[in-house]
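The chain contents come next:
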Amino acid sequence: MGDDISSDNGIVICMRDISVVYGDFAALYEINLDIKKGDFIGICGPNGSGKTTLLKTMIGLIQPIAGKMTLYGEEIIDSVPVHTRFRIGYVPQITTIDKNFPALVKDVVEMGRYAKAGLVNRIRKIDKQKAMDALRLVDMEHSAERPIGHLSGGQQQRVLIAQALAAEAEVLLLDEFTSALDFRMTEDIMELLDYLNYTHKITIITVGHNIEILRAYCNRIVCINKVIAFDGDPKDSELDKAIIKIFH
Ligand SMILES: Nc1ncnc2c1ncn2[C@@H]1O[C@H](COP(=O)(O)OP(=O)(O)OP(=O)(O)O)[C@@H](O)[C@H]1O
Ligand SMILES: [Mg+2]
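Residues numbered from 1 in each chain as written. Chains lettered and ligands numbered in written order. Predicted model: local features only at pLDDT ≥ 70, side-chain atom pairs only at ≥ 80, totals over all residues.

### Some remarks on the sheet that holds strand E10 (residues 227–232)
Strands belonging to one sheet form pairs held by backbone hydrogen bonds; the direction of such a pair is parallel or antiparallel. Which entries qualify depends on this criterion: Pairs of strands are assigned from DSSP output, requiring at least two bridges between the strands. What counts as a helix is a DSSP run of H or I of at least four residues, what counts as a strand is a run of E of at least two, and both are numbered from the N terminus. Axis definition: a line fitted to C-alpha atoms, over the contacting stretch in the case of helices. Angles run 0 to 180 degrees between N-to-C directions. We call two residues in contact when the distance between their C-beta atoms, placed using the backbone, is within 7 Å.
Across the sheet, which stays open at both edges, the six strands sit in the order E6-E7-E8-E3-E9-E10 with mixed pairing between neighbours. Two strands in the sheet have a free side with no partner beyond their single neighbour: strand E6 (88–91) and E10. The average angle at which neighbouring strand axes cross in this sheet is 15°, direction not considered. Two elements, E6 and strand E7 (residues 171–174), share four bridges in a ladder whose sense is parallel. Looking across to E7, one finds that Gly89 is bridged to Leu172. Its contacts with the sheet put helix H8 (residues 237–247) on strand E9 (220–225) and E10, and the angle it makes with E10 is roughly 155°.

Structure (structure tokens):
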């Protein structure tokens, strides 16, 4: 894990006045955010407020039209450098994987190792071991040989988290995974994220629609609605005002 914080002051992702447009539609406007190593951030905002756009911008899938972004202290000009790419794992907004999708759970997690090693490199014993270690971390090693499509939404989400961990991600960006899950499964995943954050010092940025759950687990809440409406402590009363303002 990258312990060298000398060049980045512990700031993993830094956004300065970042704006993103789709054609002539402004999706994000002058976003300023510092994501610190060890943060456990909940991002909330109404549908269409730019949450997915924000995550995709953080990993370089979308290029901002204005502003400056650094990852681990290094300015991102066109694309995210290879040495940084796998330090940040992205678990996209999905509902459920097709039940006939042919891959086994272990294959999906090993893909995290392939992605890191490059497809030209064969997967080695150590890669298989790291994939199993990641599955163990998310408590899914018992399902390694099952087809991914046969798992529940919450279990699939665990496997996708394991895939990012197998690639040795230090930061996890999770997009609204809870919308496909019931309350109990959502809590289970939040417990897992809490464990990864606390025990393994993984920085977590998770989008969620249940603000009370985010408040219960996260140490920082960011509310967005194209602009940042709130960024701070979950217990801050200003958060309630921001929520009323952007959701009503
Ligand atoms: N590829 C695209 N082309 C054009 N407009 C887009 C594109 N992707 C997103 N948008 C628009 O940008 C805005 C922000 O979208 P985004 O997906 O970031 O919202 P969100 O907060 O993640 O919403 P949700 O809660 O529904 O997931 C929306 O108005 C959306 O219609
Ligand atoms: Mg979204």
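### What to know about the site of ligand 1
The condition is simple: Throughout this description, a residue near a molecule or strand is one whose C-beta atom, derived from the backbone, lies within 6 Å of it. Gly is put with the polar residues, along with every residue not named as nonpolar or charged; the nonpolar set is Ala, Val, Leu, Ile, Met, Phe, Trp, Tyr, Cys and Pro, and the charged set is Asp, Glu, Lys and Arg.
Neighbouring ligand 1 are 13 residues, the closest being Tyr22, Asn47, Lys51, Thr52 and Thr53. Secondary structure elements with two or more residues in the shell around ligand 1: strand E2 (25–36) and helix H1 (51–58). It is H1 that provides the largest number of residues to the shell around ligand 1, a total of three residues. Tallied by class, residues from the shell around ligand 1 come to three nonpolar, eight polar and two charged.

### A short note on the packing of helix H5 (residues 153–166) against helix H6 (residues 183–199)
Basically, it comes down to this: Here the word oblique covers every angle except those under 35 degrees (roughly parallel), over 145 (roughly antiparallel) and from 65 to 115 (roughly perpendicular). Left-handed is the label given to a crossing in which the near helix is rotated counterclockwise from the far helix by less than a right angle, and right-handed is the label when the rotation is clockwise.
At a minimum axis distance of 9 Å, the contact between H5 and H6 shows a crossing angle of 20°. Regarding the angle of H5 to H6, the classification is roughly parallel. Seen along the crossing, H5 lies across H6 with a hand that is right-handed. Counting all contacts with H5, which are made through Gly153, Gly154, Gln157 and Arg158, the residues of H6 involved are Met185, Asp188, Ile189 and Leu192. A class-by-class count of the residues in the contact of H5 with H6 yields three nonpolar, three polar and two charged.

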